[in-house]
Amino acid sequence: MAKIIFIEHNGTRHEVEAKPGLTVMEAARDNGVPGIDADCGGACACSTCHAYVDPAWVDKLPKALPTETDMIDFAYEPNPATSRLTCQIKVTSLLDGLVVHLPEKQI
């Protein structure tokens, strides 16, 4: 299991245990973390699971594929350096302690 830390826009912190093989989005959804809507269910067809990866973690994640970066353009206030779609980040033991910050809203 890997601990994933979600920090809402208002500062509320949620620490969840995520099973390797799931996505960060699924970990949020399965643990009732507010702020991850995941309207497309993880198909990378919307931007409602958008989050900002903590800068300390950005270089530890696999690079986003073009399909993800294209969808991030539709997210609320995307940040080119830290925005990711959580449906595209697979949980592994190497992500234990990952911190993601949630945007003010999803669109």
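Residues numbered from 1 in each chain as written. Predicted model: local features only at pLDDT ≥ 70, side-chain atom pairs only at ≥ 80, totals over all residues. Heavy atoms only, no water.

### Looking at the sheet that holds strand β2 (residues 13-18)
The following threshold applies: Criterion used throughout: strands pair if DSSP finds at least two bridges between them. Helix and strand definitions here come from DSSP, where helices need a minimum of 4 consecutive H or I residues and strands a minimum of 2 consecutive E residues; each element is numbered from the N-terminal end. Here the axes come from fitting lines to C-alpha atoms, over the contacting stretch only for helices, and the angles between their N-to-C directions go from 0 to 180 degrees.
Taken in spatial order, the five strands of this open sheet run β2-β1-β5-β3-β4, and their pairing is mixed. The strands lining the two open edges of the sheet, one partner per strand, are β2 and β4 (83-85). Averaged over all neighbouring strand pairs, the angle between strand axes comes to 35°, with direction disregarded. Inspection of the sheet shows strand β3 (residues 50-53) paired to strand β5 (residues 98-101) by two bridges, in the antiparallel sense. Opposite V53, over in β5, you have V100 as the bridge partner.

### Some thoughts on the packing of aromatic side chains
Threshold: Between rings of Phe, Tyr and Trp, where Trp is taken as its six-membered ring, a pair exists when centres lie within 6.5 Å; planes separated by under 30 degrees are stacked, by over 60 edge-to-face, and by other angles tilted. In this analysis the charged atom, NZ for Lys or CZ for Arg, is taken to sit over a ring once it is within 6 Å of the ring centre and within 35 degrees of the ring normal.
A full pass over the atoms with the stated rule returns zero aromatic pairs. One cation-aromatic arrangement involves K60 over W57; the distance from NZ or CZ to the ring centre is 4.6 Å.

### Focus: the UniProt feature "binding site: [2Fe-2S] cluster" in the protein
Worth spelling out the cut-off: UniProt positions are given in the numbering used here, feature names are shortened, and annotations may be inferred rather than shown by experiment. Relative accessible area decides the class of each residue, using a 1.4 Å probe on protein chains only: under 20% of the type maximum gives buried, over 50% gives exposed, and in between gives partly exposed. Residue contacts are defined here by distance: any two heavy atoms, one from each residue, within 4.5 Å place the two residues in contact.
Taken from the UniProt record, the annotation "binding site: [2Fe-2S] cluster" applies to C40, C46, C49 and C87. Their sequence span is 48 residues, while the largest C-alpha to C-alpha distance among them is just 10.0 Å; these annotated residues converge on one region. As for its placement among the helices and strands, C46 is situated in the loop between α1 (24-30) and β3. Given the relative accessible area of 15%, C46 is considered buried. The residues touching C46, leaving out its near neighbours within four places in the chain, are D39, C40, M71 and L85. You can see C49 is positioned in the loop between α1 and β3. Residues contacting C49, with those up to four places away along its chain left out, are M25, I36, A38, R84, L85, T86, C87 and Q106.

### Quick look at the side chain of T48
So the rule is basically this: Here a polar contact means two N or O atoms within 3.5 Å. Within protein one must be a hydrogen donor candidate and the other an acceptor candidate, and residues neighboring in sequence count only if both atoms are side-chain atoms.
Note that T48 resides in the loop between α1 and β3. By relative accessible area, which is 4% here, T48 ends up buried. Here the side chain of T48 touches A38 through a polar contact of 3.2 Å, landing on its backbone nitrogen. At 2.8 Å, the side chain of T48 forms a polar contact with the backbone nitrogen of D39. Every residue in contact with T48, bar those within four places of it in the chain, is listed here: I36, D37, A38, D39, Q106 and I107.

### Some words on the nonpolar core
Keep this limit in mind: Residues grouped as a nonpolar core are buried Ala, Val, Leu, Ile, Met, Phe, Trp, Tyr and Cys residues, joined through side-chain atoms within 4.5 Å.
I4, F6 and L98 are the most contacted members of the largest nonpolar core, which totals 31 residues. Elements with a minimum of two residues in this core: β1 (2-7), β2, α1, β3, α2 (66-72) and β5. Top element by residues in this core is β1. It accounts for five residues. The contacts of L98, once residues within four sequence positions are left out, are K3, I4, I5, V24, V53, W57 and L61.

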